[in-house]
Amino acid sequence: MVQIYARKKALAGAANVLLAGAEKLKTSQNEAVRNRTTLDFHIELLRLRQNWRLKKVSNTIIGDLSYRTAGSKYLQTGTFEVTKAEDDEKASSPPSSPLPSGPTPAKQNSALRVSIPSELQGVAYIEVLCQKDHEDLCSVNINLLGSGPPPPPTQTCIGSKKLEAAQNVLFCKELFNQLAKEAVQLQAPIPHMVVGNQIMATVLPGIQLIIGLCHSTTADKKQQHPSPSKSEHDHVLEHSLHQLLREVHHKNTHHPFPHPATGPLGPSKKRMFAGPMAADRYELLEMTKTDTLLEQIVKQAQHFIMRMRTEYVLDTIAKEVKDPLISSHWNTLNSPTQSCVKINISTHGYDAVCRTPLVIHVGEKSLKCICRDGKVMNMSYEPQELRDLIFCHINQHQILAVQALAKTMGWQALGNSNHLGDDSTGTVEPLGNASSCLMSSPTGDRIIAVRCEPHTGIQVSVAHSPRTDFFPSRLVTERKWEHLGGQFRDVRLDKMEGRNFLHKMELLMASLTSNS
Amino acid sequence: MSAPGTAMDSLSAALKCNIIPNQEYLLQGSVLDQYVEVLLHRLRGLCDNVDSGPESFHDHELCFTLRAGSGSGAPIVLPLRVRRALDVADAPFQLRYVGQQELGDKNRPTVVRSSIDMACSSTIVEFLTELGCRLDFEYIARGYMFRKGRMKITVSKIFKVAGNKPVETVEPISQSYLVELSVLAPSGQDAIGEDMRIFAEQLRPLVQLEKIDYKRLGSMM
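These numbers were taken from a predicted model, which means no experiment stands behind them.

About the thresholds
Residues numbered from 1 in each chain as written. Chains lettered and ligands numbered in written order. Predicted model: local features only at pLDDT ≥ 70, side-chain atom pairs only at ≥ 80, totals over all residues. Heavy atoms only, no water. Helix = DSSP H or I, 4+ residues; strand = E, 2+ residues; numbered from the N terminus. Buried < 20%, exposed > 50% of the residue type's maximum accessible area, 1.4 Å probe, protein only. Contact = heavy atoms within 4.5 Å. Buried area = accessible area lost by both parts, 1.4 Å probe. Salt bridge = Lys/Arg side-chain N within 4 Å of Asp/Glu carboxyl O. Polar contact = N/O pair within 3.5 Å; in protein donor to acceptor, adjacent residues only side chain to side chain. Pairing = 2+ DSSP bridges. Axes fitted to C-alpha atoms, helices over the stretch in contact; angles between N-to-C directions. Domains from an automatic or database assignment. 1 Å grid on protein atoms, 1.4 Å probe; cavity = no way out; pocket = protein on both sides within 12 Å on 5 of 7 lines; lining within 4 Å. Points joined across faces, edges and corners; volume = space filled by probe spheres on them. Nonpolar A, V, L, I, M, F, W, Y, C, P; charged D, E, K, R; others polar.

A. Inspection of the overall build of chain A at higher detail. Within chain A, the secondary structure is distributed over 9 helices and 19 strands. Out of the 516 residues in chain A, the part that is buried amounts to 36%. Taking contacts inside chain A between residues at least 6 apart in sequence as the whole, the part at least 24 apart equals 59%.

In structure tokens, the structure reads:
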């Protein structure tokens, strides 16, 4: 009995202790809810620490926002300092210059204050433009950085956003610094120019690539592009530049591992092979050569221009020429410096009869065309060359299509020529060569001659095999010579019925085929 | 001929400048199979390039010795190791000479021994056999490697190779993994030993990396 009482007392005592403790905790929490600032500083610091590298050095909290740990070798430091928001009167000089306490935004109610070095304040981006001497080539309709409405600032966002902007500024500075160094060192046929915050590189004759570092230190987010005549810059090339620099960083840190495991750390795979494969000095030197950032971005810009030009030429031809249909299919997968397009020249309704395929590989400064017979034509960056080539192929297509059609109609191809030069068959064409073919009907009593020229179009003539106008003369006496064939008379194709050339030819052949 | 002359000149110049890594600083330890996952996690966090994950390797090592009887004295034995990667098909073979442990002061934190590595083609085995080397033993090592700065850490399991059995049916020689922390450096850079010791401290008590006295190991057998 006594034991039960004793236990009851003991339990009551323990319960009292626990209740008192709970009361204390409750009161302290209520108080904390009332004055938020002290608690929030630590929580915000914790959240900041989840995203940024911070460490405590004596009494101050210093952070690093540079890309040094990601592989950057840029010399500018990115140290920032984190302080409590109440003590902003302190102008005690830390290594990184603190924000002037003037433009403290009124809406800030964060417990942290982040002090960024003065040269990293503001917003920066790299502007990339392709200009044709003084006009603009590309106009991309994408919203400029920061021109949209800013997201509502939450408590933890402000410090982080400032740090992100500063990190971006540092990245853009490093990128521009690297490009400027390369622009000065590289020896291009037309030298690159570096003026202040702009680098001008010649991509193709008459076309320049302008890379500029835009660093705006005002907090005005509504500031639009200063000169309205300039088009918006090329975001794709800007993104490429960012990617290229990140790749450089990545290579600086990620060295390949040796396989087998006892090999030395450091040499690349090619270098490991240099010994056993007896690489000579030239090969070793070649291994060390890499393309600089500027060269790579110039190549990408060149390819972009080439692609635009090729698209323009193909679209224009497709709109102009309706008789054989030109359809182009661009490959979905391509690289920043190479694309591929497949062109089909076919006549509407006669796709199965004849189709001329072409493949064009668009490179950086040249085009490579693989024709239907396997021939490879290398063209330069002039768009006229491609145009001429396509027109030549259209001609060839017409002649081949007529011959294929003749086969299906039962007509016999007597002969053809792809290159009619300057002789009695006609004058030399300014573009390409005329081609022609001769066909005879199944019974042999009609002959059709087709001549196809790039500029003047197609001419069709018909002849009767036993001459209708044969009369034995004093020189030619026998009757058999009437089979040598008669005069060719032109057919007026424009007056004929038929959707397109092949249709007209089909109707012509059908009408000339006799039943006997 | 001037071309081999300049090659020899550049080689001797390189030797003089002390840039050829010809010494290995080494610490070794072992960890039981059941705790190796924990060790791998820890190494992954401590070492470089957390995002790319641990690099695995699967190697086959053959150890040759070249014996040259020097008449009345003790025969000179030259150990040579040939190592090839089984997972990467076209990687060159590595020929390695590892010297005796340097008898320095006892306070040195790591094992220091001379080591010369070179890449060679797959005909090295025939070459060594023709030279007169005999195959002492061979084994297969399979595991992961990490790096931190200049240091290379490998966690590997050693398998016995029976001559005529296919590669997949090898059996492990123990139920633990061998952990090695090594740096290849030119001679005279002893400060790296201290860095290695500090790193090894961070892996305790999972694995105790320490310098092994090979002579005593030999006498224990």
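Read on for the rest.
B. Representation of the interface of chain A and chain B within the structure. Listed by partner, the interface residues are 16 residues for chain A and 29 residues for chain B. Carbon and sulfur atoms supply 64% of the area that chain A and chain B bury against each other, a total of about 2000 Å² over both sides. Three residues, A:F257, A:H259 and A:T262, lead the burial of chain A against chain B; their summed loss comes to 33% of the area buried on that side. In this assembly, chain A and chain B are joined by 1 salt bridge. The interface formed by chain A and chain B includes 6 residue pairs in polar contact (both at pLDDT 80 or more). When residues in the side of chain A that touches chain B are grouped by element, the largest group, 3 residues, is from helix α5 (residues 269-274) of chain A.

C. View of the pairing of strand β16 (residues 434-440) of chain A. All names here are of chain A. Counting buried positions over the 7 residues of β16 gives 6, a clear majority of the element. Examined bridge by bridge, strand β15 (residues 412-420) and β16 share 6 bridges and lie antiparallel to one another. Residue pairing in the sheet places G415 in a bridge with L438 of β16. Pairing analysis gives 6 bridges linking β16 to strand β17 (residues 446-453), with the strands arranged antiparallel. Residue pairing for β17: S440 is matched across the bridge by I447. Taken together, β16 and the strand that follows it, β17, pair antiparallel across an intervening segment of 5 residues, in which G444 is found at a positive phi of about 85°.

D. Up close: the sheet that holds strand β10 (residues 324-330) of chain A. Residue and element names in this part refer to chain A. Spatially, the 5 strands line up as an open sheet ordered β10-β11-β12-β13-β14, and their pairing is antiparallel. In the strand order of this sheet, the two ends are held by β10 and β14 (376-379), each with one partner. If you compare each strand with its neighbour and ignore which way they point, the axes differ by 20° on average. Pairing geometry for strand β12 (residues 355-362) and strand β13 (residues 367-370), over 4 bridges, is antiparallel. Paired with H361 across the bridge in β13 is K368. Running at roughly 35° to strand β11 (residues 339-347), helix α8 (residues 383-409) makes contact with β10, β11, β12, β13 and β14 of the sheet.

E. Broad picture of the environment of A:N177. In this fold, A:N177 is placed in helix α3 (residues 157-185). Taking the C-alpha atoms as reference, A:N177 lies 9.6 Å from A:L213; in sequence the two are 36 residues apart.

F. Quick look at the environment of B:C120. Positionally, B:C120 belongs in strand β5 (residues 111-120). Note on B:C120: relative accessible area 11%, which makes it buried. As for B:C120 and B:I76, which are separated by 44 residues in sequence, their C-alpha atoms are 25 Å apart. Those residues in contact with B:C120, other than ones at most four positions away along the chain, are A:P276, B:P92, B:F93, B:Q94 and B:L95.

G. Fine view of the domain arrangement of chain A. Residues and elements named next belong to chain A. Considered domain by domain, chain A is made up of domain 1 (41-87 + 109-248), domain 2 (296-394) and domain 3 (405-515). On the side of domain 2, 12 residues touch domain 1, which itself brings 15 residues to the contact. In total, domain 1 and domain 2 occlude about 1200 Å² of area from one another, counting both sides; carbon and sulfur atoms represent 82% of this. By the criterion of area lost to domain 2, the three top residues of domain 1 are V203, L204 and L244, representing 39% of everything that side buries.

H. Spotlight on empty space enclosed by the protein. Taken as a whole and assessed by the stated rule, the structure comprises 4 cavities of 30 Å³ or more. By volume, the largest cavity amounts to about 90 Å³. Along the wall of the largest cavity there are 14 residues; nearest its centre are A:F257, B:D48, B:N49, B:G53 and B:F146. It is strand β6 (residues 134-148) of chain B that contributes the most residues to the lining of the largest cavity, 3 residues altogether. Here the residues of the lining of the largest cavity are counted per class, giving 7 nonpolar, 3 polar and 4 charged.

I. Seen up close, the pattern of salt bridges. All names here are of chain B. Scanning the entire structure with this criterion turns up 18 salt bridges over all chains. We note a salt bridge from K157 to D33, for which the minimum N-O separation is 3.1 Å. In this pair, K157 is assigned in strand β7 (residues 151-160) and D33 in the loop between β1 (23-32) and α2 (36-46), connecting sequence segments 124 residues apart. Its relative accessible area of 9% is what places K157 among the buried residues. Here R108 ties to E102 by a salt bridge, and the two come within 3.7 Å at their closest N and O atoms. Note on E102: relative accessible area 37%, which makes it partly exposed. Via salt bridges that share partners, E24, R96, R113 and D117 belong to a single interconnected network.

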